[in-house]
Amino acid sequence: MRDPGRTRERILDAAEELFFRDGIAVTGVDAVAAEAGVAVVTLYKHVGSKDNLLREVLERRLRSWTEHWDVAVADAGSPRERLLAVFDAVETFRAAARPTQWCCFLATASERPVPRDGGDDPVLDLIEQDTRLVTERLGRLAEEAGCTDAATVAEVLLLLYNGVLSSLLRGAPADPVTHARATARAVVDASCRAAAPES
């Protein structure tokens, strides 16, 4: 007897690979079903629609990213290192996650039109949730690190974080995380001079 939970995971795995390798718009549910080794009717039974499938893939990805960032923050040895841990999390997350060209949320945002009628879109809502998570957490960590202008530091680190994700698509520079972390460290150290020095 097949495990329904495992079938669902196979569907999500297949969708994640195809959506973010070939593109969301050009990938039909029939291709996802074939990749997952299930009938199309089985796919619809588990996820309901292509939009819901995409939303579930992104929700799973967001949970995993948050877990990696939580671990990186917990492993950091000081408030400043906790702020910079976002770059450690990018590295561990990408090493563990299914391979994609770049950030699944940015890829989705680039393909997803904003509804003309201004109505709700659960997929776009999830992209906004991801943005809020990163922005608000960087702000809190910057405050904890004693940055004199925590909001500005958080914005600069968000810019560097976005640059890393975009550089992964462009393929240059070859090691964007290292460059971004070094730049972020300089920004944080300059902003935190007024705070007590770290041991």
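Residues numbered from 1 in each chain as written. Predicted model: local features only at pLDDT ≥ 70, side-chain atom pairs only at ≥ 80, totals over all residues. Heavy atoms only, no water.

## Quick notes on the pattern of salt bridges
Defined as follows: A carboxyl oxygen of Asp or Glu within 4 Å of a side-chain nitrogen of Lys or Arg is what we treat as a salt bridge. The way it works is that DSSP assigns letters per residue, a run of H or I at least four long becomes a helix, a run of E at least two long becomes a strand, and they are numbered from the N terminus. Burial classes: relative accessible area under 20% of the type maximum marks a residue as buried, over 50% as exposed, and values in between as partly exposed (1.4 Å probe, protein chains only).
Across all of its chains, the model carries 16 salt bridges by this definition. When the shortest N-O distance is used, the salt bridge between Arg60 and Glu16 registers 2.9 Å. Of this pair, Arg60 sits in helix 4 (residues 50–75) while Glu16 sits in helix 1 (residues 4–22), and the two are 44 residues apart along the sequence. Pair check on accessibility: Arg60 and Glu16 agree, each one buried.

## What about the nonpolar core?
Condition: What we call a nonpolar core is a set of buried Ala, Val, Leu, Ile, Met, Phe, Trp, Tyr and Cys residues that are connected through their side-chain atoms within 4.5 Å. Throughout, a contact is declared for two residues whenever any of their heavy atoms are within 4.5 Å.
Core analysis: the largest hydrophobic core is formed by 62 residues, its most contacted members being Leu53, Trp65 and Leu83. Excluding anything up to four places from it in sequence, Leu53 contacts Ile11, Leu12, Ala15, Phe19, Val32, Leu43 and Val47.

## Brief notes about the environment of Asp75
Within the fold, Asp75 resides in helix 4. A sequence separation of 18 residues divides Asp75 from Val57, and the C-alpha atoms of the two residues are 27 Å apart.

## With respect to the environment of Asp149
Along the chain, Asp149 falls in the loop between helix 7 (122–144) and helix 8 (150–170). For the pair Asp149 and Val123, spaced 26 residues apart in sequence, the C-alpha to C-alpha distance is 33 Å.

## Digging into the packing of helix 2 (residues 29–36) against helix 3 (residues 40–47)
Which entries qualify depends on this criterion: Whenever a helix is involved, its axis is fitted only over the stretch in contact; in every case the axis is a line through C-alpha atoms, and angles between N-to-C directions fall within 0 to 180 degrees. Oblique is the label for any angle not under 35 degrees, not over 145, and not in the 65 to 115 range, which are roughly parallel, roughly antiparallel and roughly perpendicular in turn. For this classification, Asp, Glu, Lys and Arg are treated as charged, while Ala, Val, Leu, Ile, Met, Phe, Trp, Tyr, Cys and Pro are nonpolar and the rest, including Gly, are polar.
At their nearest, the axes of helix 2 and helix 3 sit 9 Å apart, and the two run at 100 degrees to each other. Viewed along their axes, helix 2 and helix 3 adopt a mutual orientation that is roughly perpendicular. Taking contact as the criterion, the partners of Val29, Asp30, Val32 and Ala33 in helix 2 are, on helix 3, Val40, Leu43 and Tyr44. The class makeup of the residues in the contact of helix 2 with helix 3 is six nonpolar, no polar and one charged.

## Regarding helix 9 (residues 176–191)
Cut-off, in case you're wondering: By definition here, a helix of n residues has an expected span of 1.5 Å times n minus one. To be clear, the arc concerns the directions from the helix axis to the C-beta atoms.
The end-to-end C-alpha distance of helix 9 is 22 Å, a good match for the 22 Å that 16 residues give at a rise of 1.5 Å each. Of all the residues in helix 9, the buried ones are Pro176, Val177, Ala180, Arg181, Ala184, Val188 and Ser191. Looking straight down helix 9, one finds that the buried residues subtend no more than 120 degrees of arc, so they occupy a single side. Tucked inside the fold, the buried residues of helix 9 contact helix 5 (79–96) and helix 8.

## Some remarks on the packing of aromatic side chains
Here is the rule: Geometry of aromatic contacts follows a simple scheme: Phe, Tyr and Trp rings, the Trp one being its six-membered ring, pair when their centres are within 6.5 Å, and the pair is stacked under 30 degrees between planes, edge-to-face over 60, tilted otherwise.
Tallied over the full model, the rule gives four aromatic pairs. Summarising the aromatic geometry, the rings of Trp65 and Trp69 are spaced 5.4 Å apart at their centres and angled 35 degrees between planes, so their arrangement reads as tilted. Residue Trp65 and its partner Trp69 are located together in helix 4, separated by four residues, close to a single helical turn. Residue class for Trp69 comes out buried when judged on its relative accessible area of 0%. Seen in terms of ring centroids, Trp65 and Phe93 are 5.9 Å apart; in terms of plane orientation they differ by 75 degrees. Their pairing is edge-to-face. Note that Trp65 is positioned in helix 4 and Phe93 in helix 5, a separation of 28 residues in sequence. Residue classification places Phe93 among the buried residues on the basis of a relative accessible area of 9%. Members of the aromatic cluster, connected to one another through ring pairs, are Trp65, Trp69, Phe93 and Tyr161.

## Focus on unusual backbone geometry
Backbone torsion omega between Ala172 and Pro173 reads 0 degrees, so that peptide bond is classified as cis. With respect to the helices and strands, the residue Pro173 is situated in the loop between helix 8 and helix 9.

## Considerations on the side chain of Asp13
Residue placement: Asp13 occurs in helix 1. The class of Asp13 is buried, set by a relative accessible area of 16%.

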